[in-house]
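So you can see what is in the structure, the chains are spelled out below.
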Amino acid sequence: MIIGKVTGSVVSTRKQDNLVGNKFMIVEPVSIMNGENKQIVAIDNIGAGIGEMVLVATGSAARIGCNLEYAPIDAAIVGIIDDPPQGLK
Amino acid sequence: MIIGKVTGSVVSTRKQDNLVGNKFMIVEPVSIMNGENKQIVAIDNIGAGIGEMVLVATGSAARIGCNLEYAPIDAAIVGIIDDPPQGLK
Amino acid sequence: MIIGKVTGSVVSTRKQDNLVGNKFMIVEPVSIMNGENKQIVAIDNIGAGIGEMVLVATGSAARIGCNLEYAPIDAAIVGIIDDPPQGLK
Amino acid sequence: MIIGKVTGSVVSTRKQDNLVGNKFMIVEPVSIMNGENKQIVAIDNIGAGIGEMVLVATGSAARIGCNLEYAPIDAAIVGIIDDPPQGLK
Amino acid sequence: MIIGKVTGSVVSTRKQDNLVGNKFMIVEPVSIMNGENKQIVAIDNIGAGIGEMVLVATGSAARIGCNLEYAPIDAAIVGIIDDPPQGLK
């Protein structure tokens, strides 16, 4: 998993049926967890707000671990970090 | 998922049988979502046009989430972004 | 998927039994589809020749989409590009 | 798999139910095994301590190989390196 | 798949039970197949020796293709290259 900050969200009205009901958040990984310019779009079932530090799972873990096995989802916010360590910015 | 702009398409006449009927679009990720020179080919079941901003799922999510579990597909356009935020270019 | 040019092939006599019968081609992604020095080895069931532009699927799509679910294969040539667009070199 | 050093941990109180009970460790890959700024969060069922060199499995292997098939986990510490070779720093 | 040279091995006494019996080799991808500092740890069921050029499968292909579906393995040596082409160093 990686840790990132929620920086915004996007809306898609015209999308696959099996994506309906999901929120699409833009997450910027903390700098020690990825290079620059590697933001991703992750669904959010936890209720993360903009600016919060979150734990993001990617790949098949996002679908299967979030009970959305048959949806085209490859990244999901799965936790909110309580108290981000210093180095995580 | 990542957000990208559809920049073109390619045609493949000689291909695996289980790819027949799919459109292959070239998608350029927005700059904050990938480094340079990381365009990908994604199938399109949504009807995205060239120049549109789209949501792309990659990996097993593209096959399984698009009802093409047994096709050799690792990227799919799964939504069209309504109103791309400023930073997404 | 990515588009690349077939640049050569390799032979492996001592290999896992479930790889027997596959051809291993070296594919160089087009520059807009990957950084430098990111060539890969992909199996070829299409009959691609050296110098041809091909469509390559990676990850579980290569195994499952090519009817080789139980083989250790993570990349496959799944189509030959008819008429590569200008930008693809 | 990659080898990395455990550099810390994070706590997430508000998280998906199927993550409860896991420890989330921050692992910094050794320099020959990844570029800079590519630390990851991995669950730990082995009992690795901060500063230890560990073997980390990523992707579906982390879920399925750790008996957590339905949890949103994409990286796991699966072993502790006995005696790290010189080059691994 | 990628081609790499076996550069060493590591031992892990304290590890997950379902990893027992596997050898963990360090493989350095050939320069045209990856950037610098991207060595990986792969299991070896072929009997590759240090210095040999090998074919490595990654992701779910390593587990499923090597008959280790339930082990936390994401890379495996699956063949030894007979006669590495010139460019592969």
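**Observations concerning the pairing of strand E4 (residues 53-58) of chain D**
Residues and elements named next belong to chain D.
Okay, so step 1: Judged by how many residues are buried, E4 sits mostly within the fold: five of six residues are covered.
Okay, so step 2: Here five bridges tie E4 to strand E5 (residues 75-80), and the two strands are oriented antiparallel to one another. When the bridges of E5 are listed, alanine 57 appears paired with alanine 76.

**Section: the relation of the copies chain D and chain A**
Okay, so step 1: Superposing chain D onto chain A takes a rotation of 72° combined with a translation of 0.0 Å along the rotation axis, leaving an RMSD of 0.0 Å. Classification of the inter-copy transformation places it as that of a five-fold axis.
Okay, so step 2: Looking at the interface residues of chain D, only 4% of them are also at the interface in chain A, so each copy uses its own face.

**So, the sheet that holds E4 of chain D**
Residues and elements named next belong to chain D.
Okay, so step 1: Spatially, E1-E2-E3-E5-E4 is the arrangement adopted by the five strands of the closed barrel, whose pairing is mixed. Between one strand axis and the next, the sheet turns by 55° as a mean value, whatever way the strands run.
Okay, so step 2: Two elements, strand E1 (residues 2-10) and strand E2 (residues 24-29), share six bridges in a ladder whose sense is antiparallel. Bridge pairing in E2 links glycine 8 to isoleucine 26.

**Comments concerning the environment of isoleucine 64 of chain D**
Okay, so step 1: When you line up the elements, isoleucine 64 of chain D lands in helix H1 (residues 60-64).
Okay, so step 2: We classify isoleucine 64 of chain D as buried; its relative accessible area is 15%.
Okay, so step 3: Taking the C-alpha atoms as reference, isoleucine 64 of chain D lies 16 Å from isoleucine 46 of chain D; in sequence the two are 18 residues apart.
Okay, so step 4: Those residues in contact with isoleucine 64 of chain D that sit more than four places away from it in its chain are Glu69 of chain D together with Arg63, Glu69 and Tyr70 of chain E.

**With respect to the interface of chain D and chain A**
Okay, so step 1: Each partner contributes to the interface: chain D provides 28 residues, whereas chain A provides 29 residues.
Okay, so step 2: Taken together, both faces of the contact between chain D and chain A bury some 2100 Å²; the carbon and sulfur share is 54%.
Okay, so step 3: Sorting the residues of chain D by area buried against chain A places Arg14, Gln16 and Asp74 of chain D first, and these three jointly supply 27% of that buried surface.
Okay, so step 4: Remark: the boundary between chain D and chain A carries 15 residue pairs in polar contact (both at pLDDT 80 or more).
Okay, so step 5: Ranked by residue count, the leading element in the side of chain D that touches chain A is strand E3 (residues 40-44) of chain D, at four residues.
Okay, so step 6: By residue class, the composition of the side of chain D that touches chain A is 14 nonpolar, eight polar and six charged.

**Considering the interface of chain B and chain A**
Okay, so step 1: On the chain A side, the residues contacting the 28 residues of chain B number 28 residues.
Okay, so step 2: A combined buried area of about 2100 Å² lies between chain B and chain A, and 55% of that area is made up of carbon and sulfur atoms.
Okay, so step 3: If you sort the residues of chain B by the area they bury against chain A, Met1, Ile32 and Asp82 of chain B come out on top, with a joint share of 29%.
Okay, so step 4: For the pair chain B and chain A, the interface holds one salt bridge.
Okay, so step 5: With a shortest N-O distance of 4.0 Å, glutamate 52 of chain B and arginine 14 of chain A are connected by a salt bridge.
Okay, so step 6: If you look at where chain B meets chain A, you find 15 residue pairs in polar contact (both at pLDDT 80 or more).
Okay, so step 7: Among the elements of the structure, strand E4 (53-58), helix H1 (60-64) and strand E5 (75-80) of chain B are those that each provide at least two residues to the side of chain B that touches chain A.
Okay, so step 8: Among the elements that line the side of chain B that touches chain A, the one with the most residues is E4 of chain B, at four residues.
Okay, so step 9: Counted by class, the side of chain B that touches chain A contains 17 nonpolar, nine polar and two charged residues.

**Side note on the side chain of aspartate 44 of chain D**
Residues and elements named next belong to chain D.
Okay, so step 1: Mapped onto the secondary structure, aspartate 44 falls in strand E3.
Okay, so step 2: By relative accessible area, which is 4% here, aspartate 44 ends up buried.
Okay, so step 3: Only 3.0 Å separates the side chain of aspartate 44 from the backbone nitrogen of glycine 47, close enough to count as a polar contact.
Okay, so step 4: Those residues within four positions of aspartate 44 in sequence are excluded, and the remaining contacts are Lys23, Met25 and Ile77.

**A closer look at the confidence of the model for chain A**
Okay, so step 1: Of the residues in chain A, 97% have a pLDDT of 70 or more, and the chain-wide mean is 94.
Okay, so step 2: Interface scoring of the predicted complex returns ipTM 0.95; its pTM is 0.96.

Procedures and definitions
Residues numbered from 1 in each chain as written. Chains lettered and ligands numbered in written order. Predicted model: local features only at pLDDT ≥ 70, side-chain atom pairs only at ≥ 80, totals over all residues. Heavy atoms only, no water. Buried < 20%, exposed > 50% of the residue type's maximum accessible area, 1.4 Å probe, protein only. Helix = DSSP H or I, 4+ residues; strand = E, 2+ residues; numbered from the N terminus. Pairing = 2+ DSSP bridges. Least-squares fit on C-alpha atoms with pLDDT ≥ 70 in both. Contact = heavy atoms within 4.5 Å. Axes fitted to C-alpha atoms, helices over the stretch in contact; angles between N-to-C directions. Buried area = accessible area lost by both parts, 1.4 Å probe. Polar contact = N/O pair within 3.5 Å; in protein donor to acceptor, adjacent residues only side chain to side chain. Nonpolar A, V, L, I, M, F, W, Y, C, P; charged D, E, K, R; others polar. Salt bridge = Lys/Arg side-chain N within 4 Å of Asp/Glu carboxyl O. pLDDT = per-residue confidence, 0-100.

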